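Now for the letters of each chain:
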Amino acid sequence: DGGITQSPKYLFRKEGQNVTLSCEQNLNHDAMYWYRQDPGQGLRLIYYSQIVNDFQKGDIAEGYSVSREKKESFPLTVTSAQKNPTAFYLCASIRDSSSTEAFFGQGTRLTVV
Amino acid sequence: RKEVEQDPGPFNVPEGATVAFNCTYSNSASQSFFWYRQDCRKEPKLLMSVYSSGNEDGRFTAQLNRASQYISLLIRDSKLSDSATYLCAVTIYGNKLVFGAGTILRVKS
C-alpha cells in the first residue's frame, strides 16, 4: 500500500543532542513538508521541499535542518540550537502543484529531557 | 500577523445542532483552500477542498470569500463523531501549505 511513513512514533533524547526524524513516502509525490504541532497552536511549517535537492524554510526553521537527496525521503534534524524541541512532528506530501490533498504520516512525538 | 487565523473555540454544541467555523487568511495571493479534520493525537486528514463557488459534501458545506479573505465550514445535524479539531489550510506561492491553529468542536448528547 502507498503511504507516508514516519519513524519512530515516540522518541526521547537528552538536551543538547541532535536527533533526526525519518519521513519516507512511496506515493511518488513531488512536494514534502515538515510541521511542528504544540498544544493550541495548530501546525507550524518548519521546512518544505518541492523537488529533489531543493527546499525552503517555513515559518519556524531556526534550529532545524533538512535534506532532500531522494524524492521519497525528507529527513528532519532537530539540532541542539532548537530551544524548545519537545513537540509532535508531522510530515506530509503533495503529489504536485496541481494537487489538492496533502497526505500525512502518523507523526513523531519527540520528548527532550 | 499570522497567515491563517481561526477561532480556537472550543465550540460545545448538542447533537443535531448546526455549527459554523470561519477562517481568515492574510495573503491575497493564496491559491487553494482546504478544511482538514484532526482527531486527538492523530494526523490531520482532508475533509474537503474549498472552491470559489462553494461546495457541499453531505452535512458539510464550505465557502470561500476572496474579497474578504475568509473561508467557512458549516456542519449541519452535528453528530457525536464530528467532535474533533478542524484546521483550515491555504497554499501560498504554489506549494507552501500553511495551516491555522484549529478550532475545537465538541458535540454532546
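Refer to the structure above for everything that follows.
By convention here, each chain's residues receive numbers from 1 onward along its written sequence. To read the labels, note that chains go from A and ligands from 1, taken in the order they are written. With pLDDT at 70 or above as the cut-off, local features in this predicted model cover only qualifying residues; side-chain atom pairs require 80 or more to be listed or tallied, and sums for whole chains, interfaces and linings still use all residues. Here the side-chain values reflect all heavy atoms present in the structure, with hydrogen atoms and water set aside.

Some remarks on the sheet that holds strand β7 (residues 60-65) of chain B
Residue and element names in this part refer to chain B. An order of β1-β3-β8-β7-β6 is seen for the five strands of this open sheet, with the pairing classed as antiparallel. The strands lining the two open edges of the sheet, one partner per strand, are β1 (4-6) and β6 (55-57). Geometrically, the sheet is characterised by an average inter-axis angle of 20° between neighbouring strands, direction not taken into account. For two strands to count as paired, DSSP must find a minimum of two bridges between them. Comment: elements are numbered from the N terminus, with helices defined as DSSP H or I runs of at least four residues and strands as E runs of at least two. To get an axis, a line is fitted to the C-alpha atoms, and for a helix only the part in contact is used. The angle between two axes follows their N-to-C directions and goes from 0 to 180 degrees.

Topic: the pairing of strand β5 (residues 43-51) of chain A
All names here are of chain A. In this sheet, β5 lies alongside strand β4 (residues 31-37) in antiparallel orientation, the contact comprising six bridges. Paired with Y35 across the two strands is L45, which belongs to β5. Adjacent in sequence and paired antiparallel, β4 and β5 are bridged by five residues, among which G40 carries a positive phi angle near 75°. The turn linking β5 back onto strand β6 (residues 54-57) is made up of two residues, and N53 within it adopts a positive phi angle of 65°.

So, the packing of aromatic side chains
Within a pair of aromatic rings, the relevant descriptors are the distance that separates the centres and the angle that separates the planes. Any pair of Phe, Tyr and Trp rings, taking the six-membered ring for Trp, is counted once the centres come within 6.5 Å. Such a pair is stacked with planes under 30 degrees apart, edge-to-face with planes over 60 apart, and tilted for the rest. This structure, assessed with the given rule, holds 13 aromatic pairs over all chains. Between F11 of chain B and F21 of chain B, the aromatic rings sit 5.2 Å apart at their centres with planes inclined by 75°, giving edge-to-face as the arrangement. In this pair, F11 of chain B is assigned in strand β2 (residues 11-14) and F21 of chain B in strand β3 (residues 19-25), connecting sequence segments ten residues apart. Burial here depends on accessible area, computed with a 1.4 Å probe over protein chains only, as a share of the maximum for the residue type. Under 20% is buried, over 50% is exposed, and the range in between is partly exposed. Of the residues examined, F11 of chain B reaches a relative accessible area of 22% and is grouped as partly exposed. Taking the relative accessible area as the measure of exposure, F21 of chain B reaches 1% and is therefore buried. Taking 6.3 Å as the distance between ring centres and 65° as the angle between the ring planes, the aromatic pair formed by F34 of chain B and Y36 of chain B counts as edge-to-face. Pairwise contacts between aromatic rings join Y33, Y35, Y48 and F104 of chain A together with F34, Y36 and F99 of chain B into one cluster. Look at NZ for Lys and CZ for Arg. If either is within 6 Å of the ring centre and within 35 degrees of the ring normal, a charge sits over the ring. Across from the ring centre of F74 of chain A, 6.0 Å away, lies the NZ or CZ of R68 of chain A, which sits over that ring. Cation over ring: R109 of chain A sits above F88 of chain A, and NZ or CZ is 4.0 Å from the ring centre.

Re the pattern of salt bridges
Residue and element names in this part refer to chain B. Every case where a carboxyl oxygen of Asp or Glu lies within 4 Å of a side-chain nitrogen of Lys or Arg is listed as a salt bridge. In this structure the tally under the stated criterion is nine salt bridges over all chains. R59 is paired through a salt bridge with D82; the nearest N and O atoms lie 2.8 Å apart. On the criterion of sequence distance, the pair formed by R59 in the loop between β6 and β7 and D82 in the loop between β8 (70-75) and β9 (84-92) is long-range, its members being 23 residues apart. By relative accessible area, which is 22% here, R59 ends up partly exposed.

Section: unusual backbone geometry
With an omega of -10°, the peptide bond between S7 of chain A and P8 of chain A qualifies as cis. Along the chain, P8 of chain A turns up in the loop between β1 (4-7) and β2 (10-13). Here the bond from G9 of chain B into P10 of chain B is cis, since omega is 10°, no more than 30 degrees from zero. With respect to the helices and strands, P10 of chain B occurs in the loop between β1 and β2. With a phi close to 65°, R41 of chain B is a non-glycine residue in the positive phi region. With respect to the helices, strands and loops of the structure, R41 of chain B is situated in the loop between β4 (32-38) and β5 (45-50).

Focus on the interface of chain B and chain A
Across the contact, 18 residues belong to chain B and 24 residues belong to chain A. In total, about 1,800 Å² of surface goes out of reach between chain B and chain A, with carbon and sulfur atoms giving 52% of it. With its nearest N and O atoms 3.3 Å apart, the salt bridge here joins D59 of chain A to K96 of chain B. N or O atoms closer than or at 3.5 Å make up a polar contact, with two conditions inside protein: a donor-capable atom paired with an acceptor-capable one, and, for residues adjacent in sequence, both atoms drawn from side chains. Between the two partners, chain B and chain A, sit six residue pairs in polar contact (both at pLDDT 80 or more). Two residues form a contact once any of their heavy atoms are found within 4.5 Å. The term buried area refers to how much accessible surface (probe radius 1.4 Å) is lost by two components on association, counted for both of them together.

Here's the deal with the environment of G58 of chain B
Of note, G58 of chain B is situated in the loop between β6 and β7. With 40 residues separating them in the primary sequence, G58 of chain B and T18 of chain B have C-alpha atoms 13 Å apart.

Quick word on the layout of surface pockets
A 1.4 Å probe that fits but cannot get out identifies a cavity on a 1 Å grid over protein atoms alone, an open set with protein on both sides within 12 Å along at least five of seven lines counts as a pocket, and a residue lines either if it has an atom within 4 Å of a point. Grid points are joined across faces, edges and corners, and a volume is the space filled by probe spheres set on the points. Here the largest pocket is characterised by a volume of approximately 450 Å³. Within the lining of the largest pocket, the residues separate by chemical class into seven nonpolar, seven polar and four charged. In this structure, the second largest pocket occupies an estimated 260 Å³ of space. Forming the boundary of the second largest pocket are 14 residues, of which L43, R44 and D59 of chain A together with K2 and F99 of chain B lie nearest the centre. Mapped by element, the contributors of at least two residues to the lining of the second largest pocket are β5 of chain A together with β10 (96-99) of chain B. Among the elements that take part in the lining of the second largest pocket, β5 of chain A stands out by supplying three residues, more than any other. Basically, the charged four are Asp, Glu, Lys and Arg, the nonpolar ten are Ala, Val, Leu, Ile, Met, Phe, Trp, Tyr, Cys and Pro, and anything else, Gly included, counts as polar. Residue composition of the lining of the second largest pocket, by class: seven nonpolar, three polar and four charged.

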